[in-house]
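Architecture and fold: a report
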Amino acid sequence: GAGVSQSPSNKVTEKGKDVELRCDPISGHTALYWYRQRLGQGLEFLIYFQGNSAPDKSGLPSDRFSAERTGESVSTLTIQRTQQEDSAVYLCASSLGPPGRGSYNEQFFGPGTRLTVL
Amino acid sequence: DQQVKQNSPSLSVQEGRISILNCDYTNSMFDYFLWYKKYPAEGPTFLISISSIKDKNEDGRFTVFLNKSAKHLSLHIVPSQPGDSAVYFCAASGTYKYIFGTGTRLKVLA
């Protein structure tokens, strides 16, 4: 596809269950970001992947959250033992590269996965 | 610590008038600023950007102004159209991270 795709589009789960969210970035994009948007809130940075470098996990809210990316392709975000406060829209974005000093690479966002934890 | 703030959660404007969306930031190391537009059930899409070496960037009906001394940027939409109704996020970058504001919901009334 031409854009960033995410699956599933909606996920309803019970508290305590694990969930896995998937992101397919645009081909050739080396940078990949995960964000979370809670109801009425802004986009909260979670994790950043750049090529084969070690990811920046500084935005992950707890050790229940983890993410992987194989090379410059698909990424999965896993939330273990989900809690009700994990309910949010999880957005993935990719770009040709990271922004540099005084420069910018446009981020292309996927449609998001709406996670509801009951 | 909210480094990028959009203090107006919503804004209503008549069609044809100017929409002004505001954004404040606290980190003087930010050197690139962006505006994104988001429709319901879609991901944000890039709208316009500005480098910290400029104070204005214009693209059609959209103009972004940057006031570095005040750490403030604004997005002007002239004339506003009903299709502009969406949530607008400002974002700032200084390294590889983009820090987003909480968004302003713009409603353009026909």
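Parameters at a glance
Residues numbered from 1 in each chain as written. Chains lettered and ligands numbered in written order. Predicted model: local features only at pLDDT ≥ 70, side-chain atom pairs only at ≥ 80, totals over all residues. Heavy atoms only, no water. pLDDT = per-residue confidence, 0-100. Helix = DSSP H or I, 4+ residues; strand = E, 2+ residues; numbered from the N terminus. Contact = heavy atoms within 4.5 Å. Buried area = accessible area lost by both parts, 1.4 Å probe. Polar contact = N/O pair within 3.5 Å; in protein donor to acceptor, adjacent residues only side chain to side chain. Buried < 20%, exposed > 50% of the residue type's maximum accessible area, 1.4 Å probe, protein only.

1. Side note on the confidence of the model for chain B
Averaged over chain B, the pLDDT score is 93; the fraction of residues at 70 or greater is 99%. Within chain B, the element-level pLDDT minimum falls on strand β10 (residues 98–100) of chain B, averaging 88, and the maximum on strand β8 (residues 72–77) of chain B, averaging 98.

2. Looking at the interface of chain B and chain A
The interface is formed by 23 residues belonging to chain B together with 24 residues belonging to chain A. Summing the contributions of chain B and of chain A, the shared interface buries around 1,900 Å²; its carbon and sulfur component is 57%. Per-residue buried area on chain B facing chain A is highest for Y96(B), Y98(B) and F100(B); these three make up 31% of the total on that side. Counting across the chain B and chain A interface gives 1 residue pair in polar contact (both at pLDDT 80 or more). When contributions to the side of chain B that touches chain A are tallied by element, the ones reaching two or more residues are β4 (32–38), β5 (45–51), β9 (86–93) and β10 of chain B.

3. Regarding unusual backbone geometry
The peptide bond linking S7(A) to P8(A) adopts the cis configuration, its omega dihedral lying at -10°. With respect to the helices and strands, the residue P8(A) is situated in the loop between β1 (5–7) and β2 (10–13). For the peptide bond that leads from V78(B) to P79(B), omega is -10°, which places it in the cis range. Structurally, P79(B) can be placed in the loop between β8 and β9. One non-glycine residue with positive phi stands out, namely A41(B), at about 65°. Among the structural elements, A41(B) can be located in the loop between β4 and β5. Positive phi values are uncommon outside glycine, yet K71(B) reaches one of about 50°. Among the structural elements, K71(B) can be located in the loop between β7 (62–67) and β8. According to the relative accessible area criterion, K71(B) is partly exposed, its value standing at 26%.

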